[in-house]
Amino acid sequence: MIIQSGVRLGKPGRGRGGPADPRYNARMPSFVFGTIAFFVASYFIKRYLNDVGIPKTFVRGLVVFVLALAAAYGVAFIVDRAAGLAG
């Protein structure tokens, strides 16, 4: 493979991170499920905080973001592990 001015020339090989890499295809489901989990978690966390009566402030927004992000990371981790076990 020849590298000229930041552009790789040649056939994409397996294990190099290109579209032919099987690990590339395994990352997409974790991204999709993680994104869905983020929005679902943020919806339910906001709903819970409304029921408890916590006022809408900047800190509350950060709490919602961090907890939803943690849920999304958890779901993506589980999907990655399941994809690793399946193939």
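The structure we're discussing is the one just above.
These figures come from a predicted structure and were not determined experimentally.

This part takes up the packing of aromatic side chains. For the structure on display, the rule yields three aromatic pairs. With a centroid separation of 5.4 Å and 85 degrees between ring planes, the pair formed by Phe38 and Phe39 is classed as edge-to-face. Summarising the aromatic geometry, the rings of Phe38 and Phe65 are spaced 6.0 Å apart at their centres and angled 75 degrees between planes, so their arrangement reads as edge-to-face. Taken as a pair, Phe38 in helix α1 (residues 22-52) and Phe65 in helix α2 (residues 58-86) lie far apart in primary sequence, 27 residues in all. Members of the aromatic cluster, joined through ring pairs, are Phe38, Phe39 and Phe65.

Now for the nonpolar core. Within soluble globular proteins, side chains that are nonpolar generally end up buried alongside one another. By size, the foremost hydrophobic cluster in this structure holds seven residues: Phe38, Ala41, Ile45, Leu49, Val64, Ala68 and Ala72. Breaking this core down by element, the ones donating at least two residues are α1 and α2. The biggest single contributor to this core is α1, with four residues. Residues within four places of Leu49 in sequence aside, it is in contact with Ile54, Arg60 and Val64.

Bringing the environment of Ser42 into the picture now. Structurally, the position occupied by Ser42 is in helix α1. Sequence separation between Ser42 and Val66 is 24 residues, and the spatial gap between their C-alpha atoms is 9.3 Å. Setting aside residues up to four positions removed in sequence, Ser42 forms contacts with Val64 and Ala68. Here Phe39 takes part through its backbone oxygen, which lies 2.9 Å from a polar atom of the side chain of Ser42.

Cut-off values and rules
- Residues numbered from 1 in each chain as written.
- Predicted model: local features only at pLDDT ≥ 70, side-chain atom pairs only at ≥ 80, totals over all residues.
- Heavy atoms only, no water.
- Phe/Tyr/Trp six-rings, centres within 6.5 Å; stacked < 30°, edge-to-face > 60°.
- Helix = DSSP H or I, 4+ residues; strand = E, 2+ residues; numbered from the N terminus.
- Core = buried A, V, L, I, M, F, W, Y, C linked by side-chain atoms within 4.5 Å.
- Buried < 20%, exposed > 50% of the residue type's maximum accessible area, 1.4 Å probe, protein only.
- Contact = heavy atoms within 4.5 Å.
- Polar contact = N/O pair within 3.5 Å; in protein donor to acceptor, adjacent residues only side chain to side chain.

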